[in-house]
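Examination of the molecular architecture
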There are 2 protein chains.
Amino acid sequence: MRNGDSTTIDVSESSAIAKGKAPLIAVTKQETGGWKRGVAIFDFILRLGAIVAALAAASTMGTSGETLPFFTQFFQFQANYDDLPTFQFFVIAMAIVSGYLVLSLPFSIVSIVRPHAAAPRLLLLILDTVALTLNTSAGAAAASIVYLAHKGNPNTNWLAICQQFGGFCQKISGAVVASFVSVVVFIFLILLSALAIRQA
Amino acid sequence: MRNGDSTTIDVSESSAIAKGKAPLIAVTKQETGGWKRGVAIFDFILRLGAIVAALAAASTMGTSGETLPFFTQFFQFQANYDDLPTFQFFVIAMAIVSGYLVLSLPFSIVSIVRPHAAAPRLLLLILDTVALTLNTSAGAAAASIVYLAHKGNPNTNWLAICQQFGGFCQKISGAVVASFVSVVVFIFLILLSALAIRQA
């Protein structure tokens, strides 16, 4: 009934119209459905990529740690991610984001099966926004500490620790990069959801 | 034509149907328009609140600085926001977010005037998502440094500087809180846009 230039006479075909199965409209609906289904499949693939990135970030940070090969009688030099509260937050936040992404896969599949349903897309868009915020805050907080570990800050007398703990710094830098990859994927996911909701 | 339980005979009223002006549908459309207009007005008010929060965050951080009342012959003790690159990023990012919010007001007004137009809402939703990411990263990065300034970290020998520079620390903490207020407002803005786009 959307394309108003066709003059049709509908007599008591209520259920067929309600489901959009009237023969004249079928072609248009099918095309729109195909486009939306493609978006939904792309959404699913992007989610898989985001899971990989988020898990990589959490596990790289979680396993980072370095013990220097020399030690004194009373002290052994080692660096670990849980020496810094920001990195603990990073691991917890990225684990939550990974868990959310895994739990969101069924809703993404629902969008593939029923391309015209707006409710699952809307739910995903809202939850994606919250997850994006959590992911971004974890990544940015860790990035600022990683920067400090690399460069130090002479004004506050915070010395760079990356000269001593090179391997540790490489790992935490990699984890931050992985978290920002998943941030970018989240932005694309929200963009796709918004486009698909528009004419649901 | 949505409610399929009415049996109507439409003969060549193409333009009227296309614009949704058929008398039977008029009431429903009007109601939806009113609801959407309310959402658009709420969106506008939220944006004004976000501008205040973002400007407060940028200006509080930008004017933070403290010079201690004692000094030696060669050295004067002072702390300033541009001693730390993270705080410089914070000021720049929050200024950009404030500028974006001001520029987004006309589009919000367009949504109030034309509640059924989906294009401006979609544009705002996508740009809001990007601005949310920038805002969150600035806030989180600054928060991790503020935490460090308050508590220090014994494992890396980074000492807390807030014992000396109490006034400076209060100002930067306030700026971080203001930036998170605008993050929360952004999440609500995205949620509202998504709800309003759904049946545009």
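Residues numbered from 1 in each chain as written. Chains lettered and ligands numbered in written order. Predicted model: local features only at pLDDT ≥ 70, side-chain atom pairs only at ≥ 80, totals over all residues. Heavy atoms only, no water.

In the annotation of an unreviewed UniProt entry, chain A is listed under the name CASP-like protein and assigned to Carya illinoinensis. What UniProt states about chain A under its Subcellular location (unreviewed entry) heading is, verbatim, "Cell membrane". Heading Sequence similarities (unreviewed entry) of the UniProt record for chain A holds this comment: "Belongs to the Casparian strip membrane proteins (CASP) family." (UniProt positions renumbered as here; feature names shortened; annotations may be inferred.)

So, on to the overall build of chain A. Tallying secondary structure elements over chain A gives five helices and two strands in all. The order of α-helices and β-strands along chain A, N terminus first, is α-α-β-β-α-α-α. Looking at chain A residue by residue over its 200 residues, the buried ones come to 46%. A sequence separation of at least 24 residues applies to 77% of the contacts in chain A between residues at least 6 apart. Summed over all atoms, the accessible surface of chain A reaches about 10,000 Å², with 67% contributed by carbon and sulfur. (Helix = DSSP H or I, 4+ residues; strand = E, 2+ residues; numbered from the N terminus. Buried < 20%, exposed > 50% of the residue type's maximum accessible area, 1.4 Å probe, protein only. Contact = heavy atoms within 4.5 Å. Areas by Shrake-Rupley, 256 points an atom, 1.4 Å probe, with all protein chains shown as cover.)

Turning to helix α4 (residues 119-151) of chain B, a few remarks are in order. Given a rise of 1.5 Å per residue, 33 residues ought to cover 48 Å, and the 48 Å separating the end C-alpha atoms of α4(B) matches this to within 8%. Two residues or fewer after α4(B) comes Gly152(B), characterised by a positive phi angle close to 70°. (Expected span 1.5 Å × (residues − 1).)

Residue and element names in this part refer to chain B. Remark: helix α3 (residues 85-113) packs on helix α5 (residues 166-198), axes separated minimally by 12 Å, with the N-to-C direction vectors making an angle of 35°. Relative to α5, the crossing made by α3 is left-handed. Here Phe87, Phe90, Met94, Val97, Tyr100 and Leu101 of α3 lie close against α5, whose contacting residues are Phe168, Ile172, Ala175, Val176, Ser179, Ser182 and Phe186. Looking at the contact of α3 with α5 residue by residue, the class counts come to eleven nonpolar, two polar and no charged. (Axes fitted to C-alpha atoms, helices over the stretch in contact; angles between N-to-C directions. Left-handed = near helix turned anticlockwise from the far one by under 90°. Nonpolar A, V, L, I, M, F, W, Y, C, P; charged D, E, K, R; others polar.)

Turning to the side chain of Ser193(B), a few remarks are in order. Counting through the fold element by element, Ser193(B) comes out in helix α5. Not counting chain neighbours up to four residues away, the residues in contact with Ser193(B) comprise Asp43(B), Arg121(B) and Leu125(B).

Looking now at the pattern of salt bridges. Residue and element names in this part refer to chain A. Here the structure, examined in full by the defined rule, presents four salt bridges over all chains. Across the pair Arg47 and Asp43 runs a salt bridge whose closest N-O atoms are separated by 2.9 Å. One end of the pair is Arg47 and the other is Asp43, both in helix α2 (residues 23-62) and four residues apart, which spans about a single turn. On the basis of relative accessible area, Asp43 is assigned to the buried category, the value being 8%. Connected via shared salt-bridge partners are Asp43, Arg47 and Asp128. (Salt bridge = Lys/Arg side-chain N within 4 Å of Asp/Glu carboxyl O.)

Residues and elements named next belong to chain B. With respect to the secondary-structure elements, Gln88 resides in helix α3. With a relative accessible area of 34%, Gln88 lands in the partly exposed category. Separated by 39 residues in sequence, Gln88 and Leu127 have C-alpha atoms that sit 23 Å apart. Ignoring any residue separated from it by four or fewer positions in sequence, one finds Gln88 in contact with Tyr81 and Asp82.

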